[in-house]
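# Residue-level structure breakdown
If you want the building blocks of each chain, they are given just below.
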Amino acid sequence: MNQITAAQRVLFTVITILYWTSMYVYVPTLSPYLSDRGLSLPFIGIVLGSYGFVQMFVRFPLGILSDRFGKRKPFIVLGMLTAAISCLLFLIPGSWLWPLAGRLMAGVCASTWVAFTVLYASYFGAGQTGKAMGNISVMTVSGQMVGMLLSGWLTDGFSENAPFILGAVIAVIGLGLAFLIKEPQQKLRNQPGMSFAMIKNVVRTKTLLQVSLLSILAHGVLFITMFGFTPLKAEELGATGLNLTILVFAFMLPHAFASLVTARWFTPRFGNWGTIGAGFLLSTICTAAMVFGDSFGFLIFTQAINGFAQGLHMPLLLGLAIRDVALPGRATAMGLYQALYAIGMFSGPFLAGWLNESWGLNGGFLFGSLLGAAAFILVTVWARSERKSANRLQQSTAKEISG
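Residues numbered from 1 in each chain as written. Predicted model: local features only at pLDDT ≥ 70, side-chain atom pairs only at ≥ 80, totals over all residues. Heavy atoms only, no water.

## What to know about the overall build of the protein chain
Helices and strands together make up the secondary structure of the protein chain, namely 15 helices and 0 strands. By the compact-globule yardstick of 22 Å for 403 residues, the protein chain fits well, its C-alpha radius of gyration being 21 Å. Here the C-alpha coordinates of the protein chain stretch approximately 75 × 45 × 35 Å along the principal axes. The 403 residues of the protein chain split such that 56% are buried. (Helix = DSSP H or I, 4+ residues; strand = E, 2+ residues; numbered from the N terminus. Rg over C-alpha atoms; globule rule 2.2 N^0.38 Å. Buried < 20%, exposed > 50% of the residue type's maximum accessible area, 1.4 Å probe, protein only.)

## Section: the packing of helix α4 (residues 73-90) against helix α8 (residues 162-178)
Taken N-terminus to C-terminus, the directions of α4 and α8 make an angle of 160 degrees; their axes are 8 Å apart at the nearest point. Between α4 and α8, the angle is such that the two are roughly antiparallel. As α4 runs across α8, the sense of the crossing is left-handed. On the side of α4, the interface is formed by K73, I76, V77, M80, L81, A83, A84, C87, L88 and F90, while α8 contributes F164, G167, A168, A171, V172, G174, L175 and A178. (Axes fitted to C-alpha atoms, helices over the stretch in contact; angles between N-to-C directions. Parallel < 35°, antiparallel > 145°, perpendicular 65-115°, else oblique. Left-handed = near helix turned anticlockwise from the far one by under 90°. Contact = heavy atoms within 4.5 Å.)

## Concerning a negative patch on the surface
There is a patch of like negative charges on the surface, built from D36, E160, E235 and E236. Topologically, D36 is positioned in helix α2 (residues 27-36). Owing to a relative accessible area of 58%, D36 belongs among the exposed residues under this scheme. (Patch = residues over 30% accessible without salt bridge, like charges linked within 9 Å, V, L, I, M, F, W, Y side chains within 5 Å. Areas by Shrake-Rupley, 256 points an atom, 1.4 Å probe, with all protein chains shown as cover. Salt bridge = Lys/Arg side-chain N within 4 Å of Asp/Glu carboxyl O. Lys, Arg positive; Asp, Glu negative; His and termini not counted. Charge placed at Lys NZ, Arg CZ, Asp CG, Glu CD.)

## Here we look at a positive patch on the surface
A surface patch of positive charge is lined by R384, R387, K388 and R392. For R384, the position within the fold is in helix α15 (residues 361-402).

## Considering the state of the cysteines
Under the counting rule described, the total for this entry stands at 0 disulfides. Distance from the sulfur of C87, which forms no disulfide, to the nearest cysteine sulfur (C109) is 8.4 Å. (Disulfide = S-S within 2.5 Å.)

## Thoughts on the packing of aromatic side chains
Throughout the structure, instances matching the rule amount to 25 aromatic pairs. Arranged with centres 5.8 Å apart and planes meeting at 75 degrees, the rings of F257 and W265 form a pair that is edge-to-face. Take W265: its relative accessible area is 45%, and that puts it in the partly exposed class. The ring of Y51 has R103 lying over it, and the distance from NZ or CZ to the ring centre is 4.1 Å. (Phe/Tyr/Trp six-rings, centres within 6.5 Å; stacked < 30°, edge-to-face > 60°. Lys NZ or Arg CZ within 6 Å of the ring centre and 35° of its normal.)

## Digging into the domain arrangement of the protein chain
Partitioning the protein chain into domains gives domain 1 (1-182) and domain 2 (194-389). Taken together, the 49 residues of domain 1 in the interface contact 53 residues of domain 2. Of the roughly 4,300 Å² buried between domain 1 and domain 2, counting both surfaces, carbon and sulfur atoms make up 73%. Linking domain 1 to domain 2 there are 0 salt bridges. Linking domain 1 with domain 2 are 5 residue pairs in polar contact (both at pLDDT 80 or more), by the criterion used here. (Domains from an automatic or database assignment. Buried area = accessible area lost by both parts, 1.4 Å probe. Polar contact = N/O pair within 3.5 Å; in protein donor to acceptor, adjacent residues only side chain to side chain.)

## Points about the packing of helix α11 (residues 206-236) against helix α13 (residues 296-323)
Packing of α11 against α13 brings their axes to within 10 Å, and their N-to-C directions diverge by 155 degrees. The angle between the axes of α11 and α13 places the two elements in the roughly antiparallel class. Crossing of α11 over α13 shows left-handed handedness. Taken together, the residues of the contact of α11 with α13 sort by class into 14 nonpolar, 9 polar and 2 charged. (Nonpolar A, V, L, I, M, F, W, Y, C, P; charged D, E, K, R; others polar.)

Written out as C-alpha cells, the structure reads:
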C-alpha cells in the first residue's frame with residue numbers, strides 16, 4: 001500500500017469539495033448575470049466556452065510537467081490560488097473584459113484537476129482505479145452541487161456579486177489546506193522523468209483516445225445544458241433564484257448517486273460499454289426533450305434524468321482514460337484526456353450560443369442532443385468490435401488447445 005493515512009484522504013476530500021464549490025458557486029447564475037450586463041447570446045457563449053478553450057492548451061502540458069517532476073501537490077496549490085483570482089476578476093465592474101478574464105482564469109484553475117485525479121488514484125492499489133475515480137467523481141459532484149445550490153440563494157438574498165465573493169473566500173480556505181497535503185513520493189522516486197518517447201506511447205493508447213472522443217461529446221452536452229444555457233431556459237419559464245436552486249438539486253443529486261453506484265452496481269452487470277452507452281442514450285433523449293418542454297416542472301424532470309445519465313458515463317470515462325497507462329505516464333494521459341474533452345466544453349456552448357441567436361435556446365439543445373446521439377453510435381460500434389475481437393481470440397485459443 002502506501003503511507004497515506006485516513007486523515008490525509010479526508011483532507012484531500014475536503015480540499016476537492018472546496019475546489020469545485022469555489023468554481024461552481026456562480027455557474028447557475030452566470031448566464032443570467034452576463035445577460036443582465038447587456039451581453040449578447042453569442043458573446044455569452046464565448047465567455048462560457050472560454051473556460052474549456054484555456055483547458056485545451058493548458059491541461060496536457062500541465063500533465064507532462066507533473067509527470068516530469070513527479071509532483072502533484074504544487075499543481076493543487078496552483079488550482080486553489082487561481083480559483084480565488086477567478087472569482088475576484090468577476091467583481092471588477094465595467095468592461096466585458098473582466099467576466100471573460102474571470103472565466104479564462106477558471107479554465108486555468110480547472111486544468112489543475114489533472115493533478116487531483118492522478119494523486120487520488122495513487123492512494124489506491126493498481127486494480128482499484130475504477131473505485132478511485134468513482135469516489136473522486138462523487139467529491140466533484142458534491143462540491144459542484146454545494147456551490148450551485150448556494151448560487152441562487154446568494155443572488156436572491158444578497159446581491160448578484162455574492163456568489164463570486166463567497167467563491168473567493170472558499171478558495172482561500174482551500175489554498176491554506178492544500179499546503180498540508182502529502183503525496184506518496186516513494187512510488188515515483190525511482191521513475192525517470194517523462195521523455196518524448198514515453199509521451200508518444202501514452203498518446204497512442206487506444207482506450208485513452210476512444211474515451212477522450214466520447215468525453216468531448218459528453219462535455220459538449222453538459223456545457224450546453226446544465227452548465228450553460230439551461231438556467232436561461234428556466235429563467236424564460238419564470239424561474240426565480242429559489243427555482244434555480246431546485247433545478248440544480250434535481251440535476252446534481254441523481255448525478256452524485258449514479259457516480260457513487262456505477263462501478264458497484266451497473267458495470268458488473270452491463271460492462272463498461274453497456275453502462276456508458278445507456279448514459280449517452282438517456283442524455284440524448286432528455287436533451288432533445290428540452291426542446292419540447294414548456295413548463296418548469298418538465299424541465300426539472302429532464303434534468304433529473306440527465307443528471308443520472310451523466311453520472312453513468314462520466315466516472316467510467318475518467319477511469320478508462322488511465323486504466324491502460326503505467327504510473328509514470330498517468331498525469332500525461334489524464335492531461336491529454338482532460339485537454340481533449342475541454343474541446344467539448346468550449347465548442348459546445350460556443351456553437352450553441354450562435355445557434356441560440358438565430359433559432360432561440362431550443363436550437364442549442366437540439367444540437368446537444370445530436371452530440372449525445374453521435375456518442376451513443378460510437379459506443380455501439382466500438383462495443384460490437386470489441387466483442388468480435390474477443391470471440392476471435394477465444395476461438396483461436398480453443399483451436400490451439402484442441403490442436
